[in-house]
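Architecture and fold: a report
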Amino acid sequence: MGSVGAKEVPVLLTPDGRRIDGRTLDELRPIRIEAGALHQADGSAFVEWGANKVMAAVYGPREVHPRHLQQNNKAVIQCRYNMAAFSVDERKRPGLDRRSQEISKVIAEAFESVVFAEEYPRTSIDIYIEVLQANAGTRCAGLVAASVALADAGIPMVDLLPAVAVGKVGGAIALDLRKEEDNYGEADLPMALVPQSGRLVLLQMEGHMTEEELARSLDLGVQGCRTIYEKMKAALRERYAVGPPAGGAA
Ligand code: UDP
């Protein structure tokens, strides 16, 4: 531990470029994706990503609630990202705070770019994301889980939406930040990619970095997204190799 003022700051990067958990700068945390983890939902997925545990459930297309949100020419995509009170070290106050509302909004908007919503006018596609255990990168884990859950529900989409956060830690650009890196690093840059077109449909940044570092971060993040994309497809293949749900389309 080093110290800055009164705050104890862990050493984030060793001289040989290893991170706090031994990873290299371009290394993802281990990821496990299970498609169809819940029986009640139309589509679902569970994602364990490092110490994150995130469940996503999708319902729809179904009737719109509240009714006034209904659109005559397309489905509305609604998302509720929620962090369980027990998901973090210091108990989080239950309920939707500003952060959860913001994350719900940016995730719904990201999916608006890939779901063929015009195929289901006057309906709602509802995405629920429950963070059971959090260790940074939960919005990205939520996007990955929700994306696999949408595919599991048979919702037509241009593509899956892999997501990952890149950041700056100990002066270096690093892929997939864990909690200490997110807390004490210089920048955090979550992104979501449409792999087919190479379009980014979510990009946020906290902290600061140079233009050149930003360009490198984007390259690293896109590479990371492409690796995660393969894992998402593998999870769906595994699900449907075992057997599709009754009446469901593969
Ligand atoms: N976090 C927390 N309490 C909160 C919100 C966040 O402990 O009320 C932690 C949690 O581990 C989360 C991390 O801080 O994953 C980073 O949060 P951020 O807002 O950057 O979102 P995320 O990286 O999870 O998408």
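Just so it is clear, the structure is predicted and the values come from calculations on it, not from any experiment.

The rules behind the values
- Residues numbered from 1 in each chain as written.
- Predicted model: local features only at pLDDT ≥ 70, side-chain atom pairs only at ≥ 80, totals over all residues.
- Heavy atoms only, no water.
- Phe/Tyr/Trp six-rings, centres within 6.5 Å; stacked < 30°, edge-to-face > 60°.
- Helix = DSSP H or I, 4+ residues; strand = E, 2+ residues; numbered from the N terminus.
- Buried < 20%, exposed > 50% of the residue type's maximum accessible area, 1.4 Å probe, protein only.
- Lys NZ or Arg CZ within 6 Å of the ring centre and 35° of its normal.
- Near = heavy atom within 4 Å.
- Polar contact = N/O pair within 3.5 Å; in protein donor to acceptor, adjacent residues only side chain to side chain.
- Areas by Shrake-Rupley, 256 points an atom, 1.4 Å probe, with all protein chains shown as cover.
- Pairing = 2+ DSSP bridges.
- Axes fitted to C-alpha atoms, helices over the stretch in contact; angles between N-to-C directions.
- Contact = heavy atoms within 4.5 Å.
- Parallel < 35°, antiparallel > 145°, perpendicular 65-115°, else oblique.
- Left-handed = near helix turned anticlockwise from the far one by under 90°.
- Nonpolar A, V, L, I, M, F, W, Y, C, P; charged D, E, K, R; others polar.
- Core = buried A, V, L, I, M, F, W, Y, C linked by side-chain atoms within 4.5 Å.
- Right-handed = clockwise from strand over helix to strand, strands pointing away.
- Expected span 1.5 Å × (residues − 1).

**Quick look at the packing of aromatic side chains**
Counted under the stated rule, the structure contains one aromatic pair. Each ring, one from Y59 and one from Y128, has its centre 5.9 Å from the other, and the planes form 85 degrees; the classification is edge-to-face. Taken together, the residues span a long stretch of sequence, with Y59 in strand β5 (residues 52-62) and Y128 in strand β7 (residues 124-133) at a distance of 69 residues. Classification of Y128 as partly exposed rests on a relative accessible area of 30%. If you follow R239 out to its NZ or CZ, it ends over the ring of Y240, 5.4 Å from the centre.

**Digging into the site of the ligand**
Taken together, 13 residues lie near the ligand, and R99, A136, G137, T138 and R139 sit nearest. Take A136: an N or O atom from its main chain is 2.7 Å from an oxygen atom of the ligand. A distance of 3.3 Å separates an oxygen atom of the ligand from a polar atom in the side chain of D182. Contact with the protein chains removes 80% of the 500 Å² of surface that the ligand exposes when unbound.

**Quick notes on the sheet that holds strand β4 (residues 43-49)**
Either a parallel or an antiparallel arrangement is found when strands of a sheet pair, and the pairing is made through backbone hydrogen bonds. Read across the sheet, five strands follow the order β3-β4-β5-β7-β6 without closing on themselves; strand pairing throughout is mixed. The outermost strands of the open sheet, each flanked by one partner alone, are β3 (31-35) and β6 (76-83). Each adjacent strand pair in this sheet contributes to an overall mean axis angle of 15 degrees, direction not counted. Set on the sheet, helix α1 (residues 98-112) makes contact with β6 and β7; between it and β6 the angle comes to about 145 degrees.

**Focus on the packing of α1 against helix α2 (residues 138-152)**
For the pair α1 and α2, interaxial distance at closest approach is 11 Å and the crossing angle is 45 degrees. The orientation of α1 relative to α2 falls into the category oblique. Two packed elements cross with a definite hand, and for α1 against α2 that hand is right-handed. Note on element contacts: α2 touches α1 through T138, R139, L143, A146, S147 and L150, opposite R99, E102, I103, I107, A110 and F111. Within the contact of α1 with α2, the residues separate by chemical class into seven nonpolar, two polar and three charged.

**A look at the nonpolar core**
Core analysis: the biggest nonpolar cluster contains 65 residues, and W49, F111, V115, I127, I129, L143 and L150 have the highest contact counts within it. Excluding residues within four positions of it along the chain, V115 makes contact with I77, I125, L150, I155, P156 and M157.

**A look at the pairing of β7**
Both β5 and β7 contribute to a ladder of eight bridges, which runs antiparallel. When the bridges of β7 are listed, M55 appears paired with E130. In this view, the connection linking β6 to its parallel neighbour β7 by way of α1 has left-handed handedness.

**Describing α2**
The terminal C-alpha atoms of α2 lie 20 Å apart, and with 15 residues this matches the ideal 21 Å at 1.5 Å per residue to within 8%. The buried count for α2 comes to 14 of 15 residues, which makes it a mostly enclosed element. Downstream of α2 by one or two residues, G154 has phi in the positive range, about 80 degrees.

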